[in-house]
Amino acid sequence: VALKRMLNFNVPPVKNSTGEPVWKILIYDRFGQDIISPLLSVKELRDMGITLHLLLHSDRDAIPDVPAVYFVMPTEENIDRMCQDLRNQLYESYYLNFISAISRSKLEDIANAAIGANAVTQVAKVFDQYLNFITLEDDMFVLCNQNKELVSYRAINRPDITDTEMETIMDTIVDSLFCFFVTLGAIPIIRCSRGTAAEMVAVKLDKKLRENLRDARNSLFTGDTLGAGQFSFQRPLLVLVDRNIDLATPLHHTWTYQALVHDVLDFHLNRVNLEESTGMESSPAGARPKKKNKKSYDLTASDKFWQKHKGSPFPEVAESVQQELESYRAQEDEVKRLKSIMGIEGEDEGAISMLSDNTAKLTSAVSSLPELLEKKRLIDLHTNVATAVLEHIKSRKLDVYFEYEEKIMSKSTLDKSLLDMISDPDAGTPEDKMRLFLIYYISSAQAPSEIDLEQYKKALMDAGCNLAPLSYIKQWKAFTKMASAPTSYGNMTPKPLGLFSRVMNTGSQFVMEGVKNLVLKQQNLPVTRILDNLMEMKSNPETDDYRYFDPKMLRGSDSSVPRNKNPFQEAIVFVVGGGNYIEYQNLIDYIKGKQGKHVLYGCSELFNATQFIKQVDNLKTS
């Protein structure tokens, strides 16, 4: 909503205006691009009158009779470039929107350039948009993508970090969270664990919200904010958690669709990049191997299949794709019939939408055809994505890993020794084995004895694993042991439903033999458990000493005693140090069971196990 309002020159778009939109161009930097691309497609931009969208630092031609909407971070180089645009008189008028608040001195730089270029009247509006966060789902956001290594888990947990570096990281995180609440139009009540980076974020955010509320004339939280009507009268709860409370989940192998796509494929800002394997036909000896096609697909809110199944266990997804395919095949003959009525058997689909011949036959054909073709596109997309995921599951035995890790995390009995798993040459990549071992190491109440540890290390080395991450996890475990009891994961053993026999009849696209059909039991992960305690006001040693901040109270009191005794209806969980789709899904599943409650999940960055291990690997202990 905020973006659409900005693209409409900062006035709310009128619902039923029949007139053409005002044509304009959009100029963004990489930050702006990352914020817009998961939310608005090119078609939606065009519907709002955006004919061209260009990067600020690209070579742009002058288009003197068109208004330009800028959406950029207020950095030195961006502002220099905007001043240059003014001097070169590139556009008719300029609407300058800053993703994050611009400082007084930089505003003066722009003003000086405008005076110098005699373009003061052309600078139509200058706005701070407070949109410095990326929304990936209706209920999920991450802070940034461009410089994410600056706020990464590794950056926060470096042993040699200086206080000033830490301040900078915290300020960056707080700036984004502040933007998030300005956009929501709500002042949260903040809870956080003590002695962690999350606590530093809480203190700074409380201060920033408090200062903004004090300055009543310029407060961002009064009057016609966008979010005024979105939430109930109650204020939302913001739970700030530190990644370090649970390092097992980011390493965990997963079984739901979205989390699997993120774990095994290249999935980033809602777009998945696949390498298409071109058939297995043998090329003559000495010939160059065929080049693999790269394809990218957007998995968006408008994709109904994705919305419905992104949280489903993989076997269900495979079955649903198959069913969709069969129902489409039944309609395919209909498509052929429609095409022949219209005399466009061989035509490109684009031509179909051009036809506007008004006979009744055509009208019905024209209206149902695009819908069918869109359905076909989604089926093809998910067939490709699910097949790619399935190849990983089968070649790495991910179902076995998932089941085994769930057993470790829930302390149930193991049917196979960990050493056997590590030494099995057919199961998993070295990284899969390392993930499994780290989860075992993190979850075990008693660290394995030195003798056992040596034996495991040898097996891991023989399997080709990189042991570097272990030294950091070892140190982390020793440290958290002093701080708190190990996190329990409840008993969440998946129930196997036998192998896939029924689903995978001979006609299926997905050859699933040998893959376990595991069904999940809803079991709250640590982050979800903490939220549950704080949202429902349950007393629990795990969360009783969490600090409590209310930016609306005049005097900030440092207490863990909540003033408000009623359970919350809305909550935002934010993980400082990085999050993942497993946790997100776990929260969503938890809240489904709570009537009328909402929860949003945010994190400073989103990583999968590979990326997380890389960061831990770089945290060589001092």
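Check the entry above for the structure.
Residues numbered from 1 in each chain as written. Predicted model: local features only at pLDDT ≥ 70, side-chain atom pairs only at ≥ 80, totals over all residues. Heavy atoms only, no water.

K.L.:
How should I be thinking about the overall build of the chain in this particular structure?
P.N.:
Scanning the chain from terminus to terminus reveals 21 helices and 17 strands. Counting only residues that meet the buried cut, the chain has 50% of its 622 residues in that class. Carbon together with sulfur atoms contributes 53% to the accessible area of the chain, which is approximately 30000 Å² in total. (Helix = DSSP H or I, 4+ residues; strand = E, 2+ residues; numbered from the N terminus. Buried < 20%, exposed > 50% of the residue type's maximum accessible area, 1.4 Å probe, protein only. Areas by Shrake-Rupley, 256 points an atom, 1.4 Å probe, with all protein chains shown as cover.)

K.L.:
Please clarify how the sheet that holds strand β2 (residues 50-55) should be interpreted in this entry.
P.N.:
Within a sheet, adjacent strands bond to each other through the backbone by hydrogen bonds, running parallel or antiparallel. Spatially, five strands are ordered β2-β1-β3-β4-β5 in an open sheet, and the strand pairing comes out parallel. The sheet terminates laterally at β2 and β5 (123-128), the two strands that pair on one side only. On average, each strand axis in the sheet is inclined to that of its neighbour by 20°, with strand direction left out of account. Two strands pair when backbone bridges link them, and strand β4 (residues 91-98) and β5 are joined in this way by five bridges, in the parallel orientation. Looking across to β5, one finds that L96 is bridged to V126. (Pairing = 2+ DSSP bridges. Axes fitted to C-alpha atoms, helices over the stretch in contact; angles between N-to-C directions.)

K.L.:
What is the right way to read the packing of helix α16 (residues 430-443) against helix α21 (residues 609-618) from this model?
P.N.:
If you want to describe how two helices pack, look at the angle between their axes and the distance between the axes. Running from N to C, α16 and α21 point in directions that differ by 70°, and their axes come no closer than 11 Å. Here α16 lies roughly perpendicular to α21, going by the angle between them. Residues E431, R435 and L438 of α16 form the contact with α21, whose own contacting residues are A609, T610 and I613. Its residues assigned to classes, the contact of α16 with α21 comprises three nonpolar, one polar and two charged. (Parallel < 35°, antiparallel > 145°, perpendicular 65-115°, else oblique. Contact = heavy atoms within 4.5 Å. Nonpolar A, V, L, I, M, F, W, Y, C, P; charged D, E, K, R; others polar.)

K.L.:
Would you take a moment to explain the sheet that holds strand β7 (residues 140-142) for this structure?
P.N.:
Here we have seven strands laid out as an open sheet, ordered β6-β7-β17-β16-β9-β8-β15, and mixed in their pairing. What marks the edges here is a single partner per strand, and that holds for β6 (134-137) and β15 (547-549). The average angle at which neighbouring strand axes cross in this sheet is 20°, direction not considered. Where strand β9 (residues 237-242) and strand β16 (residues 570-576) come together, six bridges link them in parallel fashion. Bridge pairing links L237 to A571 in β16. Along the sheet, helix α7 (residues 163-184) makes contact with β7, β9, β16 and β17 (598-603), crossing β16 at roughly 165°.

K.L.:
Whenever I open this one, the environment of Q84 confuses me. Can you help?
P.N.:
Residue placement: Q84 occurs in helix α4 (residues 76-87). Residue Q84 is classed as partly exposed on the basis of its relative accessible area of 35%. Along the chain, Q84 and A114 lie 30 residues apart, while their C-alpha atoms are 9.6 Å from each other.

K.L.:
I keep staring at unusual backbone geometry and nothing clicks. Help me out?
P.N.:
Peptide bonds are trans in most cases, and residues, glycine excluded, mostly fall at negative phi. The phi dihedral of N10 falls on the positive side, at around 65°, and the residue is not glycine. With respect to the helices and strands, N10 occurs in the loop between α1 (2-7) and β1 (24-28). Relative accessible area serves as the criterion here: at 10%, N10 is assigned to the buried category. The phi dihedral of Q89 falls on the positive side, at around 50°, and the residue is not glycine. Topologically, Q89 is positioned in the loop between α4 and β4. The exposure class of Q89 is partly exposed, given its relative accessible area of 45%.

K.L.:
Just checking my understanding: could you explain the pairing of strand β11 (residues 271-276) for this structure?
P.N.:
Relative to β11, strand β10 (residues 266-268) runs antiparallel, the two sharing three bridges. Residue D266 lies in a different strand from β11, and its bridge partner there is N273. In textbook terms, the turn of a hairpin is the stretch between consecutive antiparallel strands, and for β10 and β11 this stretch comprises two residues, one of which, L269, has a positive phi near 50°. When β11 meets strand β12 (residues 293-298), the two strands line up antiparallel, connected through six bridges. Among the inter-strand pairings, N273 is bridged to a residue of β12, identified as S296.

K.L.:
Help me understand helix α14 (residues 398-409) in this model?
P.N.:
The periodicity of an α-helix, 3.6 residues per turn, causes residues three or four places apart in sequence to face the same way. Helix length check: α14 (twelve residues) gives 16 Å between terminal C-alpha atoms against 16 Å at 1.5 Å per residue, within 8%. Within α14, eleven of the twelve residues are buried, which leaves it mostly tucked inside the rest of the structure. Of the residues making up α14, those classed as buried are L398, D399, Y401, F402, E403, Y404, E405, E406, K407, I408 and M409. (Expected span 1.5 Å × (residues − 1).)

K.L.:
It is not clear to me how the pattern of salt bridges should be interpreted in this structure. Could you clarify?
P.N.:
Oppositely charged side chains may form a pair once their charged atoms are brought near each other. Taken as a whole, this structure holds 29 salt bridges when the rule is applied. Across the salt bridge formed by E165 and R158, the nearest N and O atoms sit 3.2 Å from each other. R271 is paired through a salt bridge with D298; the nearest N and O atoms lie 2.8 Å apart. Taken together, the residues R271 in strand β11 and D298 in strand β12 connect sequence positions 27 residues apart. According to the relative accessible area criterion, R271 is partly exposed, its value standing at 38%. Through salt bridges with shared partners, one network takes in D263, R396, D432 and R435. (Salt bridge = Lys/Arg side-chain N within 4 Å of Asp/Glu carboxyl O.)

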